[in-house]
Amino acid sequence: MTFRKYLVLAGVTVFAAAGDSMLSHGMKQTGNISIHHLQGVIFAILNPWVAVGILLLLAFFATYMTALSWADLTYVLPATSLGYVILALVARFVLHEHVSPTRWLGIALITGGVGFIASGPEITVHPARSSLSDADAQGTPELEIASKAGERA
Amino acid sequence: MKTVYTWSAILAIVFASVVGDVLLARAMKQVGDLGELRRRIGFLAVIGRILGNPTFLLGVTAMAVAFFSLLFALSWGDVSLVAPAAASLTFIGNAVAAKIFLHEHVDRRRWIAAGLVAAGVALLAG
């Protein structure tokens, strides 16, 4: 794992937390969406908070895809767990939602649980990688897998 | 009634997210390390290669379903419940799905993490 890769993971965390918070704030302003009034979705997107939230989630998506290109799914998701802490802080101090002690404990457990993973290897090295994507592998040369294994060691 | 709506939307998010995450993770492994790829063939070519991957497009479709479920959920429930609950349940679903469909090595460390996250989710819902 290089510094640049940790930076990408940090980006996944921050963009996801900030994006979700802005969406939440915007959706509270636009009010409930009803199944019978789906045009409410269009109005929701016109709300600036929702729009910025969507932009942030796009940034999240770009960093998330980058991370998934060199790390396991079960590594990337937990490695970004710090987002829950950021979300709780934002919900409490920016959106002024009530965060009960029980929820704080839940957030702490989640963060602790996922923190477990961060010290482990980020990618599963498949000896017979052909089982994963035989016909449609476009470019994962053996060289790259070997370099990842070396970097980890 | 609002609680039922919120949790239905959360479950919809989780299912669509797991399907989407697994498809996207598989697609990005097919494409290869983006950093190295960008140095070799350039930024636009990398974008083209990603967008031309059918698995990626399917994954994005699933993620779009998850995103609109999220919009519904957020209009009914608090962000400090909806976001962690959906993300954490998705994480557990992903641990199982990644082992089955992506053949990732989900070791004890990763299962313990899944258990702690599950406990955390239960507390968030309480």
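Being a predicted model, the structure only gives us computed values, none of them experimental.

K.L.:
Got a minute to help me understand the overall build of chain B in this structure?
P.N.:
When you go through chain B residue by residue, the secondary structure sums to six helices and zero strands. For chain B, the sequential pattern of α-helices and β-strands runs α-α-α-α-α-α. Projected onto its principal axes, the C-alpha positions of chain B cover 50 × 35 × 20 Å. In chain B, which comprises 126 residues, the proportion classed as buried is 54%. Counting only contacts in chain B whose residues sit at least 6 apart along the sequence, the fraction spanning at least 24 positions is 78%.

K.L.:
Is there a simple way to think about the overall build of chain A in this case?
P.N.:
A tally of helices and strands in chain A yields seven helices and zero strands. For chain A, with 153 residues in total, the buried portion stands at 41%. Residue pairs at least 24 apart in sequence account for 71% of intrachain contacts in chain A once pairs closer than 6 positions are excluded.

K.L.:
Help me understand the interface of chain B and chain A in this model?
P.N.:
In many reports, interface size means the accessible area that the parts give up when they come together. Taken together, the contact between chain B and chain A spans 47 residues of the former and 50 residues of the latter. Looking at the side of chain B that touches chain A, the elements with two or more residues in it are helix H1 (2-31), helix H2 (34-41), helix H4 (54-76), helix H5 (79-101) and helix H6 (108-125) of chain B. Per-element accounting of the side of chain B that touches chain A gives the leading share, 12 residues, to H6 of chain B. By residue class, the composition of the side of chain B that touches chain A is 26 nonpolar, 11 polar and 10 charged.

K.L.:
Would you explain H4 of chain B in this entry?
P.N.:
For an α-helix the count is 3.6 residues per turn, leaving residues at separations of three or four pointing the same way. For H4 of chain B, with 23 residues, the first-to-last C-alpha span of 34 Å sits near the 33 Å given by 1.5 Å per residue. Within the sequence span of H4 of chain B, burial applies to Phe 56, Gly 59, Ala 66, Ser 69, Leu 70, Leu 71, Phe 72, Ala 73, Leu 74, Ser 75 and Trp 76 of chain B.

K.L.:
Can you help me understand the nonpolar core in this one?
P.N.:
Within soluble globular proteins, side chains that are nonpolar generally end up buried alongside one another. In terms of nonpolar packing, the biggest core is built from 81 residues, with Leu 68 of chain A together with Ile 13, Ala 73, Val 82 and Ala 86 of chain B touching the most fellow members. Here this core takes 14 residues from H1 of chain B, the largest share from any one element.

K.L.:
When you look at the environment of Ala 113 of chain B in this model, what are you seeing that I'm missing?
P.N.:
In this fold, Ala 113 of chain B is placed in helix H6. With 55 residues separating them along the chain, Ala 113 of chain B and Leu 58 of chain B place their C-alpha atoms 29 Å apart.

K.L.:
Looking at this structure, I do not really get unusual backbone geometry. What am I missing?
P.N.:
For residues besides glycine, phi is generally negative; the peptide bonds are generally trans as well. Residue and element names in this part refer to chain B. In the Ramachandran plot, His 103 falls in the positive-phi region, its phi being about 55° despite a non-glycine side chain. Here His 103 shows up in the loop between H5 and H6. In this structure His 103 comes out as partly exposed when scored by C-beta crowding, with 14 C-beta atoms within 10 Å.

K.L.:
What exactly am I supposed to notice about the environment of Gly 26 of chain A here?
P.N.:
By the secondary structure assignment, Gly 26 of chain A is in helix H1 (residues 3-30). When near neighbours in sequence (up to four residues on either side) are disregarded, Gly 26 of chain A contacts Ala 44, Asn 47, Trp 49, Val 50 and Gly 53 of chain A.

K.L.:
Sorry if this is basic, but what is going on with the packing of H1 of chain A against helix H3 (residues 48-70) of chain A here?
P.N.:
In a packed pair of helices, the relevant descriptors are the angle between the two axes and the axis-to-axis distance. Residue and element names in this part refer to chain A. Remark: H1 packs on H3, axes separated minimally by 7 Å, with the N-to-C direction vectors making an angle of 155°. Taken together, the axes of H1 and H3 lie roughly antiparallel to each other. Crossing angle aside, the handedness with which H1 passes H3 is left-handed. Of the residues that constitute the contact of H1 with H3, the class distribution is 19 nonpolar, eight polar and one charged.

K.L.:
Is there a simple way to think about the environment of Phe 43 of chain A in this case?
P.N.:
Residues and elements named next belong to chain A. Its location among the elements puts Phe 43 in helix H2 (residues 40-46). Looking at Phe 43, the number of C-beta atoms within 10 Å reads 13, which means it is partly exposed. Between the C-alpha atoms of Phe 43 and Thr 66, which are 23 residues apart in sequence, the distance is 32 Å.

K.L.:
Is there a simple way to explain the confidence of the model for chain B in this structure?
P.N.:
Low pLDDT marks stretches whose predicted atomic positions should not be read closely. Considering every residue of chain B, the mean pLDDT works out to 86; 96% of them sit at 70 or more. Predicted as a complex, the structure gets a pTM of 0.72 and an ipTM equal to 0.77.

K.L.:
What exactly am I supposed to notice about the confidence of the model for chain A here?
P.N.:
Here chain A averages 74 in pLDDT, and 69% of its residues register 70 or above. Note on residues 128-153 of chain A: pLDDT is under 50 here. Beyond four places in sequence and across chains, it has 27 contacts.

K.L.:
Looking at this structure, I do not really get the packing of H2 of chain B against helix H3 (residues 43-51) of chain B. What am I missing?
P.N.:
Residues and elements named next belong to chain B. Their axes nearest at 7 Å, the elements H2 and H3 cross at an angle of 125°. Considering their axes alone, H2 and H3 lie oblique with respect to each other. H3 is crossed by H2, and the crossing has right-handed handedness. Residues Leu 34, Leu 37, Arg 38 and Ile 41 of H2 lie in contact with H3, whose contacting residues are Phe 43, Ala 45 and Val 46. A per-class count over the contact of H2 with H3 returns six nonpolar, no polar and one charged.

Conventions and cut-offs
In this numbering scheme, every chain counts its residues from 1 along its sequence in written order. Following the order in which they are written, the chains are lettered starting with A and the ligands numbered starting with 1. It should be noted that, the model being predicted, local features are given only for residues of pLDDT at least 70 and side-chain atom pairs only at 80 or more, the latter also being counted only at that level, while totals for whole chains, interfaces and linings use all residues. Secondary structure elements follow DSSP: runs of H or I no shorter than four residues count as helices, runs of E no shorter than two count as strands, and numbering proceeds from the N terminus. Partly exposed residues are those whose C-beta has more than 12 but fewer than 20 other C-beta atoms within 10 Å; with 20 or more the residue is buried, with 12 or fewer it is exposed, and the C-beta atoms are placed from the backbone. We call two residues in contact when their backbone-placed C-beta atoms lie within 7 Å. Polar here means any residue outside two lists: the nonpolar Ala, Val, Leu, Ile, Met, Phe, Trp, Tyr, Cys and Pro, and the charged Asp, Glu, Lys and Arg; Gly therefore counts as polar. In this scheme, a helix's expected span is set at 1.5 Å multiplied by one less than its residue total. Definition of nonpolar core: a set of buried Ala, Val, Leu, Ile, Met, Phe, Trp, Tyr and Cys residues joined via C-beta atoms within 7 Å. Axis lines are fitted to C-alpha atoms, over the contacting stretch for helices. Their N-to-C directions set the angle, which ranges from 0 to 180 degrees. Here is the rule for angles: anything less than 35 degrees is roughly parallel, anything more than 145 is roughly antiparallel, 65 through 115 is roughly perpendicular, and the remaining ranges are oblique. The sense of a crossing depends on the near helix, which, turned anticlockwise from the far helix by less than a right angle, makes the crossing left-handed and, turned clockwise, makes it right-handed. Per residue, pLDDT measures the predictor's confidence, with a range of 0 to 100.

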